[in-house]
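A closer look at the structure
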Amino acid sequence: MFRAAVRLSVSGVRSLTRVQPGCQGALAARCYSHGKEETDEEFDARWVTYFNKPDIDAWELRKGMNTLIGYDLVPEPKILDAALRACRRLDDLASAIRILEAVKDKSGPHKAIYPYLVQELRPTLDELGISTPEELGIDKC
């Protein structure tokens, strides 16, 4: 028994004293991005196309908005217009209001962004019959 314990401890000490060949050289710099940089116009067009799909379902709408809100940006009015129209095609008023709430929350401390977006989206909101959270009185909760 003692012999087995000594053998294990000796092999453990040997493994600690060995130099690992992979650790000797300097660390290599890695380039993670091999694709081309997406411009703002291409980004907007990609999301407008996504929300303009005629066969979009409620799950894809929520997934797209969740991904879009996860980015470090406030979506452009044309992207929000396409998303609101997708909500109307799905007859999903709750998602439309959630989109407006998420954009207001995403605007954060920049108080001028949300009124600008509502101003730009006003024709679409009126056309689709969508009220803002402020008009519904649910922004004070």
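First things first, this report covers the structure right here in the doc. (Residues numbered from 1 in each chain as written. Predicted model: local features only at pLDDT ≥ 70, side-chain atom pairs only at ≥ 80, totals over all residues. Heavy atoms only, no water.)

Each helix and strand in the chain was counted, giving seven helices and zero strands. In sequence order, the chain lays out its α and β elements as α-α-α-α-α-α-α. A total of 141 residues make up the chain; the buried ones form 27% of that total. In the chain, the proportion of contacts linking residues at least 24 apart, taken out of those at least 6 apart, comes to 63%. Accessible surface, the chain as shown: approximately 10200 Å² in total, 57% of it carbon and sulfur. (Helix = DSSP H or I, 4+ residues; strand = E, 2+ residues; numbered from the N terminus. Buried < 20%, exposed > 50% of the residue type's maximum accessible area, 1.4 Å probe, protein only. Contact = heavy atoms within 4.5 Å. Areas by Shrake-Rupley, 256 points an atom, 1.4 Å probe, with all protein chains shown as cover.)

With that settled, the discussion passes to helix H6 (residues 113-128). In this model, H6 (16 residues) spans 22 Å end to end at C-alpha, consistent with the 22 Å of a helix rising 1.5 Å per residue. Largest kink in H6: about 55°, centred on leucine 121, with the proline proline 123 one to four residues after it. All buried positions along H6 are accounted for by Tyr114, Leu117, Val118, Leu121, Thr124, Leu125 and Leu128. For H6, the elements touching its buried residues are helix H4 (77-89), helix H5 (93-107) and helix H7 (133-136). Phi turns positive, to about 75°, at glycine 129, one or two residues after H6. (Expected span 1.5 Å × (residues − 1). Bend = angle between axes of the 7 residues up to and from the residue.)

Here the focus is the nonpolar core. Ranked by internal contacts, the top residues of the largest apolar core, which has 26 residues, are Phe51, Leu84 and Ile99. In terms of residue count, the dominant contributor to this core is H4 (seven residues). When residues no more than four places from it in sequence are discounted, the contact partners of phenylalanine 51 are Ile56, Leu61, Gly64, Met65, Leu68, Ile79, Ala82, Ala83, Ala86 and Arg89. (Core = buried A, V, L, I, M, F, W, Y, C linked by side-chain atoms within 4.5 Å.)

The tally for this structure, following the rule as stated, stands at six aromatic pairs. On the numbers, 5.4 Å between centres and 70° between planes, the contact of tryptophan 47 with tyrosine 50 is edge-to-face. Linking tryptophan 47 with tyrosine 50, this pair stays in helix H2 (residues 40-51), spanning three residues, or about one helical turn. A relative accessible area of 21% means that tyrosine 50 is categorised as partly exposed. (Phe/Tyr/Trp six-rings, centres within 6.5 Å; stacked < 30°, edge-to-face > 60°.)

What follows concerns the side chain of threonine 124. Here threonine 124 lies in helix H6. Judged by relative accessible area, which is 7%, threonine 124 ranks as buried. Beyond its immediate chain neighbours, meaning those up to four positions away, threonine 124 contacts Asp81 and Arg85.

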